[in-house]
Amino acid sequence: MLRLLGFSLTIVWVCACTALPSGWSLRSSQLEEGVVRTTLDNGLKVVLIEDHSAPVVALNVWVRVGSADEQASEAGMAHVFEHMLFKGTERRAVGEIASTVEAAGGNINAFTSFDMTVYHITMASRDSAVGIDVLADAVQHSTFDPEELTREELVVLEEINRSEDSPRRAHSRATFETTFTQHPYSLPVIGTAESVKSFTRDGLLDFFHKWYVPNNMAFVAVGDLDPDKVMEQIKSAFADAQPRAGLEHPRPPEPVQDSSRSKIVRSEFEQTLLGISYPATSFRDPETPFLDLLSMVLGGGDSSRLYRNVKDREGLVHGISAGAYTPLDPGLFMVDAVLEGDKIEPTLEAVAEEIERLRAFGPGEKELERARVNLLSGEVHEKETMQGQARKYGYFETLAGGIELEEEYLRAVRNATPEDLKRVAQKYLRADRASIVVLLAKDVRPDLTDNALFAALDVGLSAERSVTGGEQLAGGIHTFTLPNGLRVVVKPNTTIPLVSMRLSFLGGLLAESEETQGISSFLSDVLERGTEQRSAAQLAAEIEGIAGSIEGFSGRNSFGLTGEFLKESLDEGLDLFSDVLLHPAFDPEEIEKARVERLAALRRSEDNLSSKAFEIFQREIYPGHPYRFRAIGTEESLGKINRKALANYYETYARPSNGVLSVVGDVDPDAVVESLSQYLSDWTGDSVVSLPEREIPSPASEARETSLTKNKNQVHIVMGFQGLKLGDPDVPALEVLTQVLSGQGGRLFLELRDKQSLAYSVTAFAIEGLDPGIFGVYIASAPDKLDQSLAGLRSELDKLLNGPIEEEEIARARAYLIGSQAVSLQRYSSQASLLSLDTLYTLGADRHLDYAKHIDAVTLDDLKRVAKRLIQLDKPVIAIVR
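Residues numbered from 1 in each chain as written. Predicted model: local features only at pLDDT ≥ 70, side-chain atom pairs only at ≥ 80, totals over all residues. Heavy atoms only, no water.

*Asks:* What am I meant to see in the overall build of the protein chain here?
*Replies:* What the protein chain contains, in helices and strands, is 31 helices and 24 strands. Compactness check: the protein chain gives a C-alpha radius of gyration of 27 Å against a globular reference of 29 Å for 882 residues, within 12% of the reference. Oriented by its inertia axes, the alpha-carbon framework of the protein chain measures out at about 75 × 75 × 60 Å. Counting the 882 residues in the protein chain, one finds 61% classified as buried. For the protein chain, the exposed area adds up to about 33400 Å²; of that, 49% sits on carbon and sulfur atoms. (Helix = DSSP H or I, 4+ residues; strand = E, 2+ residues; numbered from the N terminus. Rg over C-alpha atoms; globule rule 2.2 N^0.38 Å. Buried < 20%, exposed > 50% of the residue type's maximum accessible area, 1.4 Å probe, protein only. Areas by Shrake-Rupley, 256 points an atom, 1.4 Å probe, with all protein chains shown as cover.)

Here it is as structure tokens:
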């Protein structure tokens, strides 16, 4: 299936039919009920899917043009064009597109790939007509104002700078440059600084007139909609659009690769990445389903061959995976690993050996079935959100030639045999078509050569192989207390056959000290690595065998376990979940593996500059308080965490009296609680659990600034103040105030990005906790714009304190918050998290049901009061990564 590697996302910080008019088709008898697919007279394809499970609609316009369709002088233009479509039309001024959508409670975004540009809105269904009008207006009537083009080019240049600070993007780009020698997939989607600087308004208009025509577009709408009404709105919105004849997409074909290739990239990054890629299929190729299954057998999850053998058994890598990237033209089959420089050759040998074993013998029946179950379960998860469905149908309509071809893909997955996977492995994963790409620091492995890589590959190829009872609240929410004191919250939802669970305990950073920081996160990792009855490999295999998931989590105030299972596998899932909860192994060998991985992750985190800015900000604003700690810990603290420390922490805090378990999905509340009682009958420990004493932080008494210097292309600034506690009555007002600053229609974006072109990323944030949280603003800009960026942030905060706040801004913020809550709660896992944590923090399991009422009640006076309560411009805490 299509992978998203190579896409360039535009990030938004808060992107029964009767007679029909001419040009419309009736619902096809070959498509399932509730699906309409047609082509209008002007060539515009329209796909409508009814789904009334939530009052949400996803609206997409898919334009069949991407970076691979550009001429040399247009490199990156599809991506810049994506940016410019939000910069005003003949009817809407700059910023009005985003503000119109957000005022209707929605969010708008876009992405560009090699093959397409997609504009999408997710919003409350009652305002879908607004979304249709906005999308149609943007893709037909954008004005491409010269001044806005100049500003947006600066923003895109910052985005290019940002991408150059990412080791994974650098490795991906080198992989595509090595594998594709003639085809434009070798070029970056985003373009280069030189090409972007050369763009003109006339050039953009030529690009627009060439590609943005109805017979090169598809409109996909999914959700709580009336197909007849929506079809009429789309037809009206595109009534004046004229098709263009001769709509070819000429691309030079990639020559057949007849020998292995390699590339060693020396960089400023600290981590080492290794990739092996092979030319593969296009999305519409009938062998693509077999390659997708093959990638899951080889490197898709903890029970895959590469994970079990290369990572767990041999300990050669920190992370490893495989995937099939299958776009419009033939793509790549890739294996990627994160590792240390001295493990490159043995890892290549081990990976090559696993690939050759698959080529020689194919997968086992159980391996294939596990891969098949997990791949098909993706169908269930895709249907959980409207945008997930819209994206899936859009791919099939634009890349495969029609949404009905999804069934052909799924049929191939269901009917695939081990011999099918063996055949495609032999056809595509050939040593003479392998491309090896290594990214590593300049001073690491100076002895590494291309010949050494080829030699390691040959060693692996020639290796010898062998075959291997409670209260009901509003909203259908039920609450129970088990005999051992565990509180259980259940919300049944039979829309899809899926069940999500979350067990939360008070703890997290609040239960850590300077010496033990990172232990909550360490524990959440180790919990997944085997039980007294099941090894780590056995546990992973059984979980993936039922297409489920069990994961640990940790945060500032809590830690615990999550689980998600298909309804038909719930009994097996509960058995596995309870085993992980009640009988964690804390295997010393697995602890050491986790320690090595976490130390490597700690080093890699030095490349994430925005996170570093927030890290030093929290240290400065929380002196003496555990909220200052890094969730992952430090090298010193990670070195001290051992089996005894983990077991003691778990025994102290993972008690039923300290926890809340939520269950959301296709269950009967009484039946699932009865099952839980049986599975957890041996779990005791009803004594009261108390968090360690800590000094509650006070607001800063004076201005404080801290900084960190990195040799990178951007400066990251966090400016903030002490915020609110969970449950504070001013939290709704603070959320509205934060949203007035945030989003594409917010003050920070419009002023500092759109008008002053200071940054690609700018936002406001508010985080509450059991102890006082934080409120502040963030911007990433060029180093020479540091002073201007600081002044800009101060100015916008000062305007909140002393200037007017328009009712239109408040209305937009209210509508966005209410709409985004509806969107976010589509996923069962999101609902389970909310129910568990709100109950744990004594906020009430049904608190979220009154969210819209509380947000709508926020007044201008509330905003001014909260602003004056929190914003002390003479006493800010400022953190800068220079």
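The rest of the description comes next.
*Asks:* Would you take a moment to explain the sheet that holds strand S13 (residues 471–472) for this structure?
*Replies:* Across a sheet, strands are paired by hydrogen bonds formed along the backbone, either parallel or antiparallel in direction. Spatial strand order, S13-S14-S15-S19-S16-S18-S17: 7 strands in an open sheet with mixed pairing. Both edges of this open sheet fall to S13 and strand S17 (549–554), since each of them pairs with a single strand only. Examined bridge by bridge, S17 and strand S18 (residues 558–566) share 6 bridges and lie antiparallel to one another. Within S18, the residue paired with Ser554 across the bridge is Phe559. (Pairing = 2+ DSSP bridges.)

*Asks:* Would you take a moment to explain the sheet that holds strand S24 (residues 877–881) for this structure?
*Replies:* One open sheet holds the 5 strands; their spatial order is S20-S24-S21-S23-S22, and the pairing between them is mixed. Each of the sheet's edge strands pairs with one partner strand only, and the pair in question is strand S20 (704–708) and strand S22 (759–767). Direction aside, neighbouring strands of the sheet carry axes that sit 15° apart on average. With 5 bridges joining them, strand S21 (residues 715–722) and S24 adopt antiparallel strand pairing. Paired with Met719 across the bridge in S24 is Ile878. Helix-sheet contacts for helix H27 (residues 786–802) involve S21, strand S23 (774–781) and S24, and the interaxial angle to S21 is about 30°. (Axes fitted to C-alpha atoms, helices over the stretch in contact; angles between N-to-C directions. Contact = heavy atoms within 4.5 Å.)

*Asks:* Help me out: how do you make sense of helix H13 (residues 386–400) in this one?
*Replies:* Side chains three or four residues apart in an α-helix point the same way, a direct result of the helix having 3.6 residues per turn. Here H13 is 15 residues long and its end C-alpha atoms lie 20 Å apart, about the 21 Å a rise of 1.5 Å per residue gives. Burial within H13 is extensive, with 14 of its 15 residues counted as buried. Here H13 starts with a cap whose side-chain oxygen sits 3.0 Å from the backbone nitrogen of Gly388, and that cap is Thr385. (Expected span 1.5 Å × (residues − 1). Polar contact = N/O pair within 3.5 Å; in protein donor to acceptor, adjacent residues only side chain to side chain.)

*Asks:* Please explain the packing of aromatic side chains as it appears in this structure.
*Replies:* Geometry of an aromatic ring pair is reported as the spacing of the ring centres plus the angle between the planes. According to the stated counting rule, one finds 28 aromatic pairs in the structure shown. When the ring of Phe81 is compared with that of Phe207, the centres are 5.9 Å apart and the planes differ by 50°; the resulting orientation is tilted. Taken together, the residues Phe81 in helix H1 (residues 77–84) and Phe207 in helix H7 (residues 201–211) connect sequence positions 126 residues apart. Phe207 sits in the buried class, given a relative accessible area of 0%. (Phe/Tyr/Trp six-rings, centres within 6.5 Å; stacked < 30°, edge-to-face > 60°.)

*Asks:* How should I be thinking about the environment of Asp728 in this particular structure?
*Replies:* Mapped onto the elements, Asp728 comes out in the loop between S21 and helix H25 (731–741). A relative accessible area of 16% means that Asp728 is categorised as buried. Residues Asp728 and Pro772 lie 44 residues apart in sequence; the distance between their C-alpha atoms is 9.6 Å.

*Asks:* Sorry, what's going on with the side chain of Thr272 here?
*Replies:* Its place among the elements puts Thr272 in strand S9 (residues 272–279). Classification of Thr272 as buried rests on a relative accessible area of 4%. Those residues in contact with Thr272, other than ones at most four positions away along the chain, are Ala337, Val338, Leu339, Glu340, Gly341, Ile344, Leu439 and Leu440.

*Asks:* Just checking my understanding: could you explain the nonpolar core for this structure?
*Replies:* Side chains that are nonpolar tend, in soluble globular proteins, to be buried together. By size, the foremost hydrophobic cluster in this structure holds 83 residues, and its most contacted members are Leu294, Phe333 and Val335. With residues up to four places along the chain from it excluded, the contact list for Phe333 reads Ile276, Ser277, Tyr278, Ala280, Leu291, Leu294, Ser295, Leu298, Gly323, Ala324 and Leu429. Ranked by size, the runner-up nonpolar core spans 57 residues in total, among them Val65, Tyr119, Tyr212 and Met217. (Core = buried A, V, L, I, M, F, W, Y, C linked by side-chain atoms within 4.5 Å.)

*Asks:* Where do I start with the pairing of strand S10 (residues 317–325) in this structure?
*Replies:* The element S10 is largely enclosed, with a buried count of 7 among its 9 residues. Alignment of S10 against strand S11 (residues 332–339), held across 8 bridges, turns out to be antiparallel. Paired with Ala322 across the bridge in S11 is Val335. Connecting the antiparallel pair S10 and S11 is a turn made up of 6 residues.

*Asks:* Looking at this structure, I do not really get the packing of helix H17 (residues 519–526) against helix H20 (residues 588–604). What am I missing?
*Replies:* In a packed pair of helices, the relevant descriptors are the angle between the two axes and the axis-to-axis distance. One way to put it is that H17 packs onto H20 with a least axis distance of 10 Å and a crossing angle of 125°. Regarding the angle of H17 to H20, the classification is oblique. Like other packed secondary-structure pairs, H17 and H20 cross with a definite hand, here right-handed. For the pair formed by H17 and H20, the contact residues are Ser521, Phe522, Asp525 and Val526 on the first element and Ile591, Ala594, Arg595, Glu597 and Arg598 on the second. Class assignment for the residues of the contact of H17 with H20 results in 4 nonpolar, 1 polar and 4 charged. (Parallel < 35°, antiparallel > 145°, perpendicular 65-115°, else oblique. Left-handed = near helix turned anticlockwise from the far one by under 90°. Nonpolar A, V, L, I, M, F, W, Y, C, P; charged D, E, K, R; others polar.)

*Asks:* Would you mind going over the environment of Ile108 with me for this structure?
*Replies:* Here Ile108 is to be found in strand S5 (residues 107–112). Ile108 sits in the buried class, given a relative accessible area of 3%. Each C-alpha atom, one on Ile108 and one on Leu59, is 9.4 Å from the other, the two residues being 49 residues apart in sequence.

*Asks:* Can you walk me through the pairing of S18 in this structure?
*Replies:* If a strand is regular, its side chains alternate between the two faces of the sheet. Burial analysis of S18 places 9 of its 9 residues in the buried class, which makes it a mostly covered element. By the alternation rule, side chains of S18 split into Ser558, Gly560, Thr562, Glu564 and Leu566 and Phe559, Leu561, Gly563 and Phe565, which are all buried. Taken together, S17 and the strand that follows it, S18, pair antiparallel across an intervening segment of 3 residues.

*Asks:* Please clarify how the packing of helix H19 (residues 570–582) against helix H24 (residues 669–679) should be interpreted in this entry.
*Replies:* Relative to each other, H19 and H24 sit at 40°, their axes nearing to 10 Å. Relative to H24, the element H19 lies oblique. Seen along the crossing, H19 lies across H24 with a hand that is right-handed. Listed contacts from H24 to Leu570, Asp571, Leu574, Asp575, Ser578 and Leu582 of H19 are Val672, Ser675, Leu676 and Tyr679. In the contact of H19 with H24, the residues fall into 6 nonpolar, 2 polar and 2 charged.

*Asks:* Explain the pattern of salt bridges to me, please; I cannot follow it from the model alone.
*Replies:* Pairing of side chains with opposite charge becomes possible as their charged atoms draw close. Counted under the stated rule, the structure contains 70 salt bridges. Among the ionic pairs, Asp420 bridges to Arg423, the shortest N-O distance being 3.4 Å. Separated by 3 residues within a single helix, Asp420 and Arg423 lie in helix H15 (residues 418–428), roughly one turn from each other. Taking relative accessible area as the criterion, Asp420 reaches 17% and is therefore assigned buried. Given a relative accessible area of 34%, Arg423 falls into the partly exposed group. A single salt-bridge network, built from bridges that share partners, covers Lys311, Asp525, Arg529, Glu589, Glu590, Lys593, Glu597 and Arg598. (Salt bridge = Lys/Arg side-chain N within 4 Å of Asp/Glu carboxyl O.)

*Asks:* Which parts of the structure should I look at to understand H19?
*Replies:* Taking 1.5 Å of rise per residue, the 13 residues of H19 would be expected to cover 18 Å, and the 18 Å separating its terminal C-alpha atoms lies within 8% of that figure. Along H19, the residues that are buried comprise Leu570, Gly573, Leu574, Leu576, Phe577, Ser578, Asp579, Val580 and Leu581.

*Asks:* Explanation requested: unusual backbone geometry in the structure shown.
*Replies:* Peptide bonds are, in most cases, trans, and in most cases residues other than glycine have a negative phi. Not every positive phi belongs to a glycine, and Phe144 is a case in point at roughly 55°. Residue Thr842 is not a glycine yet carries a positive backbone phi of 60°. Structurally, Thr842 is set in the loop between helix H29 (828–840) and helix H30 (851–856).

*Asks:* Is there a simple way to explain the confidence of the model for the protein chain in this structure?
*Replies:* Low-pLDDT portions of the prediction should not be read for the details of their coordinates. Residues at a pLDDT of 70 or more form 95% of the protein chain, whose mean pLDDT is 91. Taken together, the stretch residues 1–30 has pLDDT below 50 and engages in 103 contacts with residues farther than four places along the chain or on a different chain. (pLDDT = per-residue confidence, 0-100.)

*Asks:* So what exactly am I meant to see when it comes to the side chain of Arg445 here?
*Replies:* Looking at the element boundaries, Arg445 is found in the loop between strand S12 (435–441) and helix H16 (450–461). Owing to a relative accessible area of 16%, Arg445 belongs among the buried residues under this scheme. At a separation of 3.0 Å, a polar atom in the side chain of Arg445 contacts the main-chain carbonyl oxygen of Gly341. Not counting residues within four places of it along the chain, the set of residues in contact with Arg445 comprises Arg266, Gly341, Asp342, Glu345 and Leu440.

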